[in-house]
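These are the residues of each chain, in order.
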Amino acid sequence: MKFEDENELEELLFGNHLEEYDNYLDGNLCTEVKHTLQFRQFEVKGYGIIDILGIDYYREPDFYNITITIYELKNGPIDMKAISQISRYYIGVKRYISNLDLGRFRKRLEIYLEINGILVGSEYPNDGSCFVVDSIPWLSCYFFDISKSGVNFTETDGWYRENEDLKWKNPCLCDGFKMLVNHYRKSSKEPNYKADGI
């Protein structure tokens, strides 16, 4: 099952209406959607319109910690186009922030900035999208599932190929790793360490 449209999914998350559903959560998505400041349909000129933008911040005596979270919502599969879209928003927000005149704040306080992205959709298509998401440190992905009992959001990560063979040894890779270990042993004053299986 899907939502009627992406606007319904956006309203559910942005309006914090999750409590209306009996079984709505797995993976703490509802806590991630509650931010100090939230904006819906937030335009980043030249880069597009972000479905939901969340900003959290707190101040310590000598620094500000600011976290910006970008949400891209899909009422269907999360494909390469969706990953490209949220990556474009990420670059746009990052460049916008770097262009702000924060000199007067930085004279008094350090500013620590973190930008994260969250993709929400029904599944991955069979195009390798799961591996791309797993390899992007700032990006997380949640699948939604609609049933009679409510809406369930599940964080998804840790993808791998079923036919992988972790015991297979590539001679070139093993030889290269041996050279690195031997180089480290010669150049380091630290105790020698044995690499397992080499």
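Small disclaimer: the values here were computed from a predicted structure and weren't measured.

Peer 1: Help me understand the overall build of the protein chain in this model?
Peer 2: The helix and strand inventory of the protein chain stands at 6 helices and 6 strands. Moving toward the C terminus, one meets the helices and strands of the protein chain in the order α-α-β-β-β-α-α-β-α-β-β-α. Buried positions account for 35% of the 198 residues belonging to the protein chain. Summarising the internal contacts of the protein chain: among those between residues at least 6 apart in sequence, 57% fall at separations of at least 24. About 13,300 Å² of surface is accessible on the protein chain, with carbon and sulfur atoms providing 51% of the total.

Peer 1: Help me understand unusual backbone geometry, please; the structure alone is not making it clear to me.
Peer 2: Both trends apply: most residues other than glycine have a negative phi, and most peptide bonds are in trans. In this model, Gln41 sits at a positive phi of 55 degrees, which is unusual for a non-glycine residue. Secondary-structure assignment places Gln41 in strand S1 (residues 37–44). Relative accessible area serves as the criterion here: at 42%, Gln41 is assigned to the partly exposed category.

Peer 1: Before we go on, may I ask you to explain the environment of Pro61 in this structure?
Peer 2: Tracing the backbone through its elements, the reader meets Pro61 in the loop between strand S2 (48–60) and strand S3 (63–73). In this structure Pro61 comes out as exposed when scored by relative accessible area, which is 72%. The sequence separation of Pro61 and Leu109 amounts to 48 residues, and the corresponding C-alpha distance is 8.1 Å.

Peer 1: Mind showing me how you'd approach the environment of Tyr57 here?
Peer 2: Structurally, the position occupied by Tyr57 is in strand S2. Sequence spacing of Tyr57 and Leu37 is 20 residues, and the spatial spacing of their C-alpha atoms is 9.1 Å.

Peer 1: In this structure, what is going on with the nonpolar core? I would like to understand it.
Peer 2: When a protein is soluble and globular, its nonpolar side chains tend to lie buried together. If you look at the biggest cluster of nonpolar residues, it comprises 24 residues, and the most contacted ones within it are Ile70, Ile78, Val93, Leu119 and Leu139. Elements represented by at least two residues in this core include exactly S2, S3, helix H3 (80–98), strand S4 (110–121), helix H5 (129–134) and strand S5 (139–147). Considering every element that reaches this core, the biggest residue donor is H3, with 7 residues. Beyond its immediate stretch of four places on either side in the chain, Leu139 contacts Ile83, Ile86, Gly117, Ile118, Leu119 and Val133. Counting residues in each nonpolar core, the second largest holds 14 residues, with Leu9, Leu12, Phe144 and Ile146 among its members.

Peer 1: Explain the side chain of Asp51 to me, please; I cannot follow it from the model alone.
Peer 2: Here Asp51 lies in strand S2. Buried Asp51, no salt bridge; nearest opposite-charge side chain is Lys74, N-O distance 6.1 Å. In terms of polar contacts, Asp51 uses its side chain to reach the backbone amide nitrogen of Leu73, at 2.8 Å. If near-sequence neighbours (up to four positions away) are discounted, Asp51 is found in contact with Glu10, Phe39, Arg40, Gln41, Tyr71, Glu72 and Leu73.

Peer 1: What am I meant to see in the confidence of the model for the protein chain here?
Peer 2: The predicted structure's coordinates, where accompanied by low pLDDT, should not be read in detail. Mean pLDDT over the protein chain: 77, with 68% of residues reaching 70 or higher. Segment residues 17–28 is flagged for pLDDT under 50; beyond a separation of four residues in sequence, or across chains, it makes 34 contacts in the model.

Peer 1: Would you take a moment to explain the packing of aromatic side chains for this structure?
Peer 2: Remark: the centre distance and the inter-plane angle together describe each pair of aromatic rings, the angle taken between the planes. Scanning the entire structure with this criterion turns up 3 aromatic pairs. Relative to Trp138, the ring of Tyr90 lies with its centre 4.0 Å away and its plane at 10 degrees, an arrangement referred to as stacked. Taken together, the residues span a long stretch of sequence, with Tyr90 in helix H3 and Trp138 in the loop between H5 and S5 at a distance of 48 residues. The exposure classification of Tyr90 matches that of Trp138, with both residues buried. Look at Tyr124 and Phe143: their rings are 5.1 Å apart centre to centre, the planes differ by 75 degrees, and that puts the pair in the edge-to-face class. Here Tyr124 is found in the loop between S4 and H5, whereas its partner Phe143 is found in strand S5, with 19 residues between them in sequence. Given the relative accessible area of 10%, Tyr124 is considered buried.

Cut-offs and rules
- Residues numbered from 1 in each chain as written.
- Predicted model: local features only at pLDDT ≥ 70, side-chain atom pairs only at ≥ 80, totals over all residues.
- Heavy atoms only, no water.
- Helix = DSSP H or I, 4+ residues; strand = E, 2+ residues; numbered from the N terminus.
- Buried < 20%, exposed > 50% of the residue type's maximum accessible area, 1.4 Å probe, protein only.
- Contact = heavy atoms within 4.5 Å.
- Areas by Shrake-Rupley, 256 points an atom, 1.4 Å probe, with all protein chains shown as cover.
- Core = buried A, V, L, I, M, F, W, Y, C linked by side-chain atoms within 4.5 Å.
- Lys, Arg positive; Asp, Glu negative; His and termini not counted.
- Salt bridge = Lys/Arg side-chain N within 4 Å of Asp/Glu carboxyl O.
- Polar contact = N/O pair within 3.5 Å; in protein donor to acceptor, adjacent residues only side chain to side chain.
- pLDDT = per-residue confidence, 0-100.
- Phe/Tyr/Trp six-rings, centres within 6.5 Å; stacked < 30°, edge-to-face > 60°.

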